[in-house]
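Spelled out from the first residue to the last, the chains are:
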Amino acid sequence: MNNNNNSFLSNIPPVVLNLMIINLLFWFASQVFPSTFGIDLVKILGLHYWFSDQFNPIQLVTYMFMHDTNSMSHLLCNMFGVWMFGRTLEQVWGAKKFLFFYLATGVGAGIVQELTWMIDLHDITAAMNEAIATNSGEALVPFSSMFTGGDIALATAQDVIRLKSQIFAAHVTVGASGALFGILLAFGWLFPEARMGLLFIPVMIPARIFVAIYAAFELFFGVAGFAFDNVAHFAHLGGMIFGFILIMYWKKKGINRFH
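Residues numbered from 1 in each chain as written. Predicted model: local features only at pLDDT ≥ 70, side-chain atom pairs only at ≥ 80, totals over all residues. Heavy atoms only, no water.

Enquirer: Would you take a moment to explain the overall build of the protein for this structure?
Expert: Each helix and strand in the protein was counted, giving ten helices and four strands. In sequence order, the secondary structure elements of the protein are arranged as α-α-β-α-α-α-α-α-β-α-β-β-α-α. With respect to the principal axes defined by its C-alpha atoms, the protein has extents near 75 × 45 × 40 Å. Summarising the internal contacts of the protein: among those between residues at least 6 apart in sequence, 65% fall at separations of at least 24. Surface summary for the protein: the accessible area is close to 14,300 Å², and the carbon and sulfur share equals 66%. (Helix = DSSP H or I, 4+ residues; strand = E, 2+ residues; numbered from the N terminus. Contact = heavy atoms within 4.5 Å. Areas by Shrake-Rupley, 256 points an atom, 1.4 Å probe, with all protein chains shown as cover.)

Enquirer: How should a nonpolar patch on the surface be read in this particular structure?
Expert: Together, Val-92, Trp-189, Leu-190, Ile-241, Phe-244 and Ile-245 make up a nonpolar patch on the protein surface, roughly 520 Å² of accessible area in all. Counting only elements with at least two residues in the nonpolar patch, the list comes to α8 (177–190) and α10 (233–253). Considering each element in turn, the nonpolar patch owes the most residues, three residues, to α10. With respect to the helices, strands and loops of the structure, Ile-241 is situated in helix α10. (Patch = residues over 30% accessible without salt bridge, like charges linked within 9 Å, V, L, I, M, F, W, Y side chains within 5 Å. Salt bridge = Lys/Arg side-chain N within 4 Å of Asp/Glu carboxyl O.)

Enquirer: Explain the pattern of salt bridges to me, please; I cannot follow it from the model alone.
Expert: Pairs can form between side chains of opposite charge once their charged atoms are near each other. According to the stated counting rule, one finds two salt bridges in the structure shown. With a shortest N-O distance of 2.9 Å, Arg-162 and Asp-159 are connected by a salt bridge. Of this pair, Arg-162 and Asp-159 both sit in helix α7 (residues 157–169), three residues apart, which is roughly one turn of the helix. The partly exposed category is assigned to Arg-162, whose relative accessible area is 47%. Residue Arg-208 is joined to Glu-193 by a salt bridge in which the shortest nitrogen-to-oxygen separation is 2.8 Å. Pair noted here: Arg-208 is in helix α9 (residues 207–224) and Glu-193 is in the loop between α8 and β3 (195–198), with a separation of 15 residues, a long-range link. Residue Glu-193 is classed as partly exposed on the basis of its relative accessible area, which comes to 46%. (Buried < 20%, exposed > 50% of the residue type's maximum accessible area, 1.4 Å probe, protein only.)

Enquirer: Help me understand the packing of aromatic side chains, please; the structure alone is not making it clear to me.
Expert: We describe a pair of aromatic rings using the distance from one ring centre to the other and the angle between the two ring planes. Here the structure, examined in full by the defined rule, presents 17 aromatic pairs. Among the aromatic residues, those joined into a ring-pair cluster are Trp-93, Phe-100, Phe-101, Trp-250 and Phe-258. A cation sits over an aromatic face here: Arg-87 above Trp-83, 3.9 Å from the ring centre. (Phe/Tyr/Trp six-rings, centres within 6.5 Å; stacked < 30°, edge-to-face > 60°. Lys NZ or Arg CZ within 6 Å of the ring centre and 35° of its normal.)

Enquirer: Looking at this model, I keep getting lost on helix α4 (residues 73–93). Mind explaining?
Expert: Quick reminder: α-helices carry 3.6 residues per turn. Residues three or four places apart thus point the same way. In this model α4 runs 29 Å from its N-terminal to its C-terminal C-alpha over 21 residues, within 8% of the 30 Å that 1.5 Å per residue would give. When the local axis directions of α4 are compared, the greatest deviation, roughly 40°, occurs at Gly-86. Considered for burial, the residues of α4 that qualify are Leu-75, Asn-78, Met-79, Gly-81, Val-82, Trp-83, Phe-85, Gly-86, Leu-89, Glu-90 and Trp-93. Just past α4, the residue Gly-94 takes up positive phi, approximately 95°. (Expected span 1.5 Å × (residues − 1). Bend = angle between axes of the 7 residues up to and from the residue.)

Enquirer: What is the right way to look at the packing of helix α1 (residues 14–36) against α4 in this model?
Expert: In a pair of packed helices, the angle between the axes and the distance between the axes together describe the arrangement. Contact pair α1 / α4: the axes reach a minimum separation of 8 Å and the direction vectors enclose 165°. Between α1 and α4, the interaxial angle falls into the category roughly antiparallel. For the element pair α1 and α4, the recorded crossing hand is right-handed. Where α1 approaches α4, its residues Pro-14, Val-15, Val-16, Leu-19, Met-20, Asn-23, Leu-24 and Trp-27 are matched on the opposing element by Leu-75, Met-79, Val-82, Trp-83, Gly-86, Arg-87 and Glu-90. (Axes fitted to C-alpha atoms, helices over the stretch in contact; angles between N-to-C directions. Parallel < 35°, antiparallel > 145°, perpendicular 65-115°, else oblique. Left-handed = near helix turned anticlockwise from the far one by under 90°.)

Enquirer: Any chance you could explain the environment of Ser-136 here in plain terms?
Expert: Structurally, Ser-136 can be placed in the loop between α6 (122–134) and α7. With 115 residues separating them along the chain, Ser-136 and Lys-251 place their C-alpha atoms 56 Å apart. Excluding residues that lie within four positions of it along the chain, Ser-136 makes contacts with Ala-131, Ala-153 and Ala-155. Here Glu-138 takes part through its backbone nitrogen, which lies 3.2 Å from a polar atom of the side chain of Ser-136. (Polar contact = N/O pair within 3.5 Å; in protein donor to acceptor, adjacent residues only side chain to side chain.)

Enquirer: For this particular structure, what's the right way to read the side chain of Ser-177?
Expert: Examined against the element boundaries, Ser-177 turns out to sit in helix α8. On the basis of relative accessible area, Ser-177 is assigned to the buried category, the value being 11%. Separated by 3.1 Å, the side chains of Ser-177 and Asn-78 make a polar contact.

Here you go:
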């Protein structure tokens, strides 16, 4: 009788396996809870802008276990990456060190995303604060394209307070991509000559170049800010940055595994 010791699941190290299972369970819950219990898990657990009424510090952790509810592609792509690269890191580092790295880079990515939002919203936030202070929407006229429903110059302080809350609440991000990019950076750092492939490059390239190309694309799209693009590119870079900082710290301290 085959005891199934060589099954696919049995060959996945425990932290990677449990992360995949937890993310899958959260995705199914995010599908069921709104219709069954009237609870929007993305609204509660997704990462909101930290000046929003809906922000909660725990979201810096919970957001990385939530994914796009419109399809499974976001979830599957992230979990494939965690499986592909994370299992090797967990085997090399051990379970505790890998889990810490995963969570730390995910939180770091969330922090970078918050800073990105703060920069993006700086001008409109300043204008809204001025409009509230003067009880007039005149300060918002340069941003009139962002508003519908009438002449923004006629808005009162109460109107602007309501608009401000809506704008802040509209900024939310979900997904394990930040942690995944931290994992990708670590894999490229530890195995720089491992051969990897990109869909648009028909040859295998070293992991260090693969990571560099990915980072360059994230930086380009993050700076470009295309209107059709709703991907949190700077959060991805944030995961890489925090991953690099952790690796350098562990290298300096000579930390190979957590016990």
